[in-house]
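Understanding the architecture of this molecule
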Amino acid sequence: MKFTTLTAVAALTLGAATAAKAESWDMPMAYAASNYHSEFGVVFADKVRDYTGGSIDITVHPGGSLFGGGDIKRAIQTGQVPIGERLMSSHANEDPLFAWDNLPFIASSYADNEKLWQAAKGAVGEALEGQNLVTLYTCPWPGQGFYFNKEVNGSADTQGVKFRSYNAATATIAEKLGMIPVQVEAAELSQALATGVAEAFISSGSTGYDRKVWEHLSHYYKVNAWLPRNYVMVNKGVWDGLDADTQAAIQKAADETGAACAAKSEELADWYHDQLAENGMSVTEASPEFVAELKEIGSGMLNDWLAQTGDAGQAILDAYNQ
């Protein structure tokens, strides 16, 4: 009986010690709970809880419910939250390297996008560490296409259209096509379309499906110009404060989640197009004339990016083209 009592006390003491070590992390995400990026955020949180034996307990906050999309990165940098997710290219105004995945028609397939990420990963990671951030995993969106409320065959049809932009690249494309860029977060897109703040945008079929844009827009043009990536990042100070075993457990969860998320993105790409069509949208390939204009714009954007990033940008392209 004495042995049993001592064992019970030891077990309770160990349990209390484990509970004391447990850390609760809030993880803001910008996209709807039903979006696969957010769903895999939950998968990641579950894996972390499992692999760390419950010492790290992550609560996911999708849909910009904890911090708006534009505030998430800053919140992590400054330690308001330890972890979160954001669209990487939305930070291109801070460092043009972060626009590596917004180079039109450079990497338009999932395989090429992954190859480009591997080429960019080192330089991008170094730049983020300089901002007190560590990347845990990334996940691509399906290829980007154009949403309009009318038939569009080229820039003659886009003059003066109010165009939702989500980063510098989309604002540049809007301006080159004679449109008016308007910064709108994904969580605010439906309202922007309903009120006329925005009349068109470029994004994946996923965003159109999540936001039921067929209620406001009529045409989707497949372009597959690029596959932008979201990334899950952690505050570097928090990361450095973890022991090696905990870091390894979290990174294992991240690696598995990133691979599964990318596979899901590829699986859903055509399905999203089917859903847009089933809900009444015209879903077609962009006209050759429109594509030709976009490729000319893309060529200029690539040259501008190389001029802004210098040797670092050229090294990424060289590694990708090997």
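Residues numbered from 1 in each chain as written. Predicted model: local features only at pLDDT ≥ 70, side-chain atom pairs only at ≥ 80, totals over all residues. Heavy atoms only, no water.

Time to look at the overall build of the protein chain. A count of helical and extended segments in the protein chain gives 10 helices and 11 strands. The C-alpha atoms of the protein chain give a radius of gyration of 22 Å, which matches the 20 Å a tight globule of 322 residues would have. Each of the 322 residues in the protein chain was classed as buried or not, and the buried ones make up 50%. When contacts within the protein chain are restricted to residue pairs at least 6 apart in sequence, those whose partners lie at least 24 apart make up 78%. As presented, the protein chain carries roughly 13900 Å² of accessible surface, and 51% of it is formed by carbon and sulfur atoms. Seen as two clouds, the 21 positive and the 40 negative side-chain charges of the protein chain have centres 5 Å apart. (Helix = DSSP H or I, 4+ residues; strand = E, 2+ residues; numbered from the N terminus. Rg over C-alpha atoms; globule rule 2.2 N^0.38 Å. Buried < 20%, exposed > 50% of the residue type's maximum accessible area, 1.4 Å probe, protein only. Contact = heavy atoms within 4.5 Å. Areas by Shrake-Rupley, 256 points an atom, 1.4 Å probe, with all protein chains shown as cover. Lys, Arg positive; Asp, Glu negative; His and termini not counted. Charge placed at Lys NZ, Arg CZ, Asp CG, Glu CD.)

Our focus in this paragraph is the packing of helix α2 (residues 36–51) against helix α9 (residues 244–278). A pair of packed helices is captured by two measures, namely the crossing angle of their axes and the spacing between those axes. Close contact between α2 and α9 brings their axes to 9 Å; oriented N to C, the two are set at 155°. If you check the angle between α2 and α9, you find them roughly antiparallel. As α2 runs across α9, the sense of the crossing is right-handed. Among the residues forming the contact of α2 with α9, the class breakdown is 14 nonpolar, three polar and four charged. (Axes fitted to C-alpha atoms, helices over the stretch in contact; angles between N-to-C directions. Parallel < 35°, antiparallel > 145°, perpendicular 65-115°, else oblique. Left-handed = near helix turned anticlockwise from the far one by under 90°. Nonpolar A, V, L, I, M, F, W, Y, C, P; charged D, E, K, R; others polar.)

Moving on to the pattern of salt bridges. Applying the stated criterion across every chain, the model contains eight salt bridges. Asp240 serves as the salt-bridge partner of Lys236, at 2.7 Å between the closest nitrogen and oxygen. With Lys236 and Asp240 both in helix α8 (residues 236–240) and four residues apart, this pair spans about one turn of that helix. (Salt bridge = Lys/Arg side-chain N within 4 Å of Asp/Glu carboxyl O.)

So, on to helix α4 (residues 110–129). At Lys121, α4 shows its strongest bend, of approximately 50°. Taken residue by residue, α4 has Tyr110, Asn113, Leu116, Trp117, Ala120, Val124, Ala127 and Leu128 as its buried positions. Where the residues of α4 are buried, they touch α3 (69–77), β4 (133–140), β10 (229–235), α9 and α10 (288–321). (Bend = angle between axes of the 7 residues up to and from the residue.)

A few words on the sheet that holds strand β9 (residues 219–222). What the six strands build is an open sheet, ordered β7-β6-β8-β5-β9-β11; its pairing is mixed. Since the sheet does not close on itself, it has two edges, and those belong to β7 (180–183) and β11 (282–285), each with one partner. With direction set aside, neighbouring strand axes in the sheet form an average angle of 25°. One ladder, built from three bridges, connects strand β5 (residues 145–148) with strand β8 (residues 200–203); its direction is antiparallel. Directly across from Phe146, in β8, lies its bridge partner Ile202. (Pairing = 2+ DSSP bridges.)

This next bit is on unusual backbone geometry. Here the phi dihedral of Asn132 falls at roughly 70°; this positive angle occurs in a residue that is not glycine. Mapped onto the elements of the fold, Asn132 is located in the loop between α4 and β4. Residue Asn132 is classed as partly exposed on the basis of its relative accessible area, which comes to 29%. In this structure, Asn224 takes a positive phi of about 55° despite not being glycine.

This part is about the pairing of β7. Bridging between strand β6 (residues 162–165) and β7 involves four bridges; their strand directions are parallel. Looking at the pairing, Ser165 lines up with Gln183 of β7. What joins β6 to β7 is helix α5 (residues 168–176), and the crossover it makes is right-handed. (Right-handed = clockwise from strand over helix to strand, strands pointing away.)

Here the focus is the state of the cysteines. Taken as a whole and assessed by the stated rule, the structure comprises one disulfide. Disulfide partner of Cys139: Cys261, at an S-S distance of 2.1 Å. Across the disulfide from Cys139 to Cys261, rotation about the S-S bond amounts to roughly -90°, and the bridge is consequently left-handed. Taken together, the residues span a long stretch of sequence, with Cys139 in strand β4 and Cys261 in helix α9 at a distance of 122 residues. The pair Cys139 / Cys261 is uniform in exposure class, with both members buried. (Disulfide = S-S within 2.5 Å.)

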